[in-house]
Structure formats: C-alpha cells, structure tokens
Amino acid sequence: MGKVLEKKGEFQLAVRALQKAATMDPNNAMTHHLLGQAYRDMGKKEEAETETEIGRAATTQPDSRP
C-alpha cells in the first residue's frame, strides 16, 4: 500500500502506511527502503538517510526467524 501511495505522490499517507508496516515487521528491508524513499520525496533528508541505513542493516543481518 505504501509503495502505491508513494508512486501516486501521496507521501504523507505513504509514510503512515509504511510506518505501520515497519512496526509490524521491523526487519523488513524493503519497508525501510520505501520509507526512506518517501521521506526523500518529502524533502526530509535526515529521516530518509536513517530509514535507508536501517534497510541496509536489515539486509546484512541473518534472518533470526526459525
């Protein structure tokens, strides 16, 4: 949902949807990547960098689920 909203230019709604998704699955790299992209589109550089870094870290950590 967040990806679609971001592509439609609905950045505020995209951020809310992606934040909820990140709460539900905090280790999902794609969610953090998309959240960083939405922040970047909104001009929020620091938040974008933070989320992008979280996404990068999530891709380098081994999956801890059984």
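Residues numbered from 1 in each chain as written. Predicted model: local features only at pLDDT ≥ 70, side-chain atom pairs only at ≥ 80, totals over all residues. Heavy atoms only, no water.

Q: I'm lost on the overall build of the chain in this one. Help?
A: Regarding its fold elements, the chain presents four helices and zero strands. For the chain, the sequential pattern of α-helices and β-strands runs α-α-α-α. The globule rule puts the C-alpha radius of gyration for 66 residues at 11 Å, and the 12 Å found for the chain is close to it. If you line up the chain on its principal axes, its C-alpha atoms span 35 × 20 × 15 Å. (Helix = DSSP H or I, 4+ residues; strand = E, 2+ residues; numbered from the N terminus. Rg over C-alpha atoms; globule rule 2.2 N^0.38 Å.)

Q: How should the packing of helix α3 (residues 29–42) against helix α4 (residues 45–60) be read in this particular structure?
A: A pair of packed helices is captured by two measures, namely the crossing angle of their axes and the spacing between those axes. The N-to-C vectors of α3 and α4 enclose an angle of 165°; their axes lie 7 Å apart at closest approach. Put simply, α3 runs roughly antiparallel to α4. The handedness of the crossing between α3 and α4 comes out as left-handed. Contact with α3, carried on its side by Ala29, His32, Leu35, Gly36, Tyr39 and Arg40, involves Glu47, Ala48, Glu51, Thr52, Ile54, Gly55, Ala58 and Thr59 of α4 and no other residues of that element. (Axes fitted to C-alpha atoms, helices over the stretch in contact; angles between N-to-C directions. Parallel < 35°, antiparallel > 145°, perpendicular 65-115°, else oblique. Left-handed = near helix turned anticlockwise from the far one by under 90°. Contact = heavy atoms within 4.5 Å.)

Q: Even after reading the chapter, I still don't get α4, so can you show me in this structure?
A: Residue pairs three or four apart in sequence face the same way in an α-helix, which turns once every 3.6 residues. Taking 1.5 Å per residue, 16 residues should reach 22 Å; α4 reaches 23 Å between its end C-alpha atoms and fits that length. Where the residues of α4 are buried, they touch α3. (Expected span 1.5 Å × (residues − 1).)

Q: Quick question: what am I supposed to make of the nonpolar core here?
A: In this structure, Val15, Leu18, Leu34, Leu35, Ala38, Tyr39 and Ala48 together form the largest nonpolar core, which totals seven residues. Broken down by secondary-structure element, the contributors of at least two residues to this core are α2 (11–24) and α3. The element best represented in this core is α3, accounting for four residues. Excluding residues within four positions of it along the chain, Tyr39 makes contact with Val15, Gln19, Lys44, Glu47, Ala48 and Glu51. (Core = buried A, V, L, I, M, F, W, Y, C linked by side-chain atoms within 4.5 Å. Buried < 20%, exposed > 50% of the residue type's maximum accessible area, 1.4 Å probe, protein only.)

Q: I would appreciate a short explanation of the pattern of salt bridges in the present structure.
A: Two side chains that carry opposite charge are able to pair once their charged atoms sit near each other. A full pass over the atoms with the stated rule returns one salt bridge. One salt bridge in this structure joins Arg56 and Glu53, with 3.1 Å as the shortest N-O distance. On the criterion of helical spacing, the pair formed by Arg56 and Glu53 is a turn pair, its members being three residues apart in helix α4. Using a relative accessible area of 44% as the deciding quantity, one classes Glu53 as partly exposed. (Salt bridge = Lys/Arg side-chain N within 4 Å of Asp/Glu carboxyl O.)

Q: When you look at the side chain of Glu51 in this model, what are you seeing that I'm missing?
A: Counting through the fold element by element, Glu51 comes out in helix α4. Buried charge without a partner: Glu51 forms no salt bridge, and the closest opposite charge is Arg40, 10 Å away. The residues touching Glu51, leaving out its near neighbours within four places in the chain, are His32, Leu35, Gly36 and Tyr39. (Lys, Arg positive; Asp, Glu negative; His and termini not counted.)

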